[in-house]
Amino acid sequence: MTENNKVVTRTGISLEIALLTEFDEWLEKKGFPNRSEGIRYLIREKLDQEALLTNPDFIVVGSLTYVFQHHGFDCTLKLIEIQHDFEELIISTMHAHITHDLCLETIFLKGKQIKIRKLAESILALKGVLKGQLYLAPAD
Ligand code: NI
C-alpha cells in the first residue's frame, strides 16, 4: 500500500434531490454507516469492474457455480475433461448432489481473466448444464 492510499481528502458533489433520496434509501438498505462509505464502495466497484473488462491479462480470483444433470449428455465426463484442460486456473472444486438427477458444483479459480472467462464459457455451454454464474474479483 502506498502512502497515498492512507491519505483521505474531502470532495463535494452536486446531486438532484431525487437521486440523493434514492441513494440514501440504498445506503440504508445495504447498511452503509454513511454516504462516504457508500460512495467509496461504488467508486471502487466501478473501477475494479472497468479494469476487469478492459485488461484480459488482469489476474482475478473467482468462482463458477452451476447446476447440471449428471445423467445423459456425458456431462460429468465432459466437465472433468474441461476442468483438467484448465487445471492451472482451478484452486478447488466442490460438488453437491442436490436431487436424484441434479448436481451443484462450484469451481474456485485464480488466473488471467480472459482464460477464466473461456473456461466458464466452455462449461456453461455444455448440454446438461442448466444454469450457472461466474463471479470475479481482482486478486489483490
Ligand atoms: Ni452429484
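Is there a simple way to explain helix H4 (residues 113-124) in this structure?
Note that an α-helix has 3.6 residues per turn; residues three or four places apart therefore point the same way. Across its 12 residues, H4 extends 16 Å between first and last C-alpha, which sits within 8% of the 16 Å expected from 1.5 Å per residue. Looking at H4, one finds that the buried residues are Gln113, Ile116, Leu119, Ala120 and Ile123. Summarising the axial view, the buried residues of H4 lie within an arc of 120 degrees, below the 170-degree limit, and thus occupy one face. Where H4 is buried, its residues meet helix H2 (35-54), strand E1 (59-69), helix H3 (75-85), strand E2 (90-97), strand E3 (102-112) and strand E4 (129-138).

It is not clear to me how the coordination of the nickel ion should be interpreted in this structure. Could you clarify?
Ideal geometry at a metal centre gives angles of 109.5 degrees when four donors are arranged tetrahedrally and 90 or 180 degrees when six donors are arranged octahedrally. Protein ligation of the nickel ion involves His95 (NE2), His97 (ND1) and Cys103 (SG), the donor distances falling in the range 2.0 to 2.3 Å. Between consecutive donor residues of the nickel ion, the sequence gaps follow H-x1-H-x5-C. By relative accessible area, histidine 95 is classed as partly exposed at 36%.

Sorry, what's going on with helix H1 (residues 17-30) here?
Taking 1.5 Å per residue as the helical rise, H1 with its 14 residues ought to reach 20 Å, and the 20 Å between its terminal C-alpha atoms agrees with that figure. Following H1 by one or two positions, glycine 31 adopts a phi angle in the positive range, close to 85 degrees.

Looking at this model, I keep getting lost on the packing of aromatic side chains. Mind explaining?
Between two aromatic rings, the relevant description is the distance of the centres plus the angle of the planes. The final tally for this structure, using the stated rule, is five aromatic pairs. A ring pair is formed by phenylalanine 23 and tryptophan 26, whose centres lie 6.0 Å apart and whose planes are at 15 degrees; its orientation type is stacked. With phenylalanine 23 and tryptophan 26 both in helix H1 and three residues apart, this pair spans about one turn of that helix. Since its relative accessible area comes to 13%, phenylalanine 23 is described here as buried. Each ring, one from tryptophan 26 and one from phenylalanine 32, has its centre 5.3 Å from the other, and the planes form 25 degrees; the classification is stacked. When its relative accessible area of 22% is taken as the criterion, phenylalanine 32 is described as partly exposed. Of the aromatic side chains, those joined through ring pairs into one cluster are Phe23, Trp26, Phe32 and Tyr41.

What is the right way to read a nonpolar patch on the surface from this model?
Taken together, the side chains of Ile13, Leu15, Leu19, Ile39, Ile43 and Leu47 present a nonpolar region at the surface, about 520 Å² in accessible area. Per-element accounting of the nonpolar patch gives the leading share, three residues, to H2. Structurally, leucine 19 is set in helix H1. We classify leucine 19 as partly exposed; its relative accessible area is 42%.

It is not clear to me how the environment of phenylalanine 86 should be interpreted in this structure. Could you clarify?
With respect to the helices, strands and loops of the structure, phenylalanine 86 is situated in the loop between H3 and E2. Residues phenylalanine 86 and lysine 110 lie 24 residues apart in sequence; the distance between their C-alpha atoms is 11 Å. In this structure phenylalanine 86 touches Lys115, Lys118, Leu119 and Ser122, once residues within four positions along its chain are discounted.

In this structure, what is going on with the environment of aspartate 140? I would like to understand it.
With respect to the helices and strands, the residue aspartate 140 is situated in the segment after E4. Taking the C-alpha atoms as reference points, aspartate 140 and valine 61, 79 residues apart in sequence, are found 8.8 Å from one another.

In this structure, what is going on with the pattern of salt bridges? I would like to understand it.
Oppositely charged side chains can pair when the atoms bearing their charge come close. Summed over all chains, the structure comprises six salt bridges. Put simply, glutamate 88 and lysine 115 hold a salt bridge, and the shortest N to O gap is 4.0 Å. One end of the pair, glutamate 88, is in the loop between H3 and E2; the other, lysine 115, is in helix H4, and 27 residues separate them in sequence. Of the residues examined, glutamate 88 reaches a relative accessible area of 46% and is grouped as partly exposed.

Conventions and cut-offs
- Residues numbered from 1 in each chain as written.
- Predicted model: local features only at pLDDT ≥ 70, side-chain atom pairs only at ≥ 80, totals over all residues.
- Heavy atoms only, no water.
- Helix = DSSP H or I, 4+ residues; strand = E, 2+ residues; numbered from the N terminus.
- Expected span 1.5 Å × (residues − 1).
- Buried < 20%, exposed > 50% of the residue type's maximum accessible area, 1.4 Å probe, protein only.
- Arc of directions from axis to C-beta.
- Contact = heavy atoms within 4.5 Å.
- Donors = N, O, S within 2.8 Å, 3.2 Å for Na, K, Ca; no water.
- Phe/Tyr/Trp six-rings, centres within 6.5 Å; stacked < 30°, edge-to-face > 60°.
- Patch = residues over 30% accessible without salt bridge, like charges linked within 9 Å, V, L, I, M, F, W, Y side chains within 5 Å.
- Areas by Shrake-Rupley, 256 points an atom, 1.4 Å probe, with all protein chains shown as cover.
- Salt bridge = Lys/Arg side-chain N within 4 Å of Asp/Glu carboxyl O.

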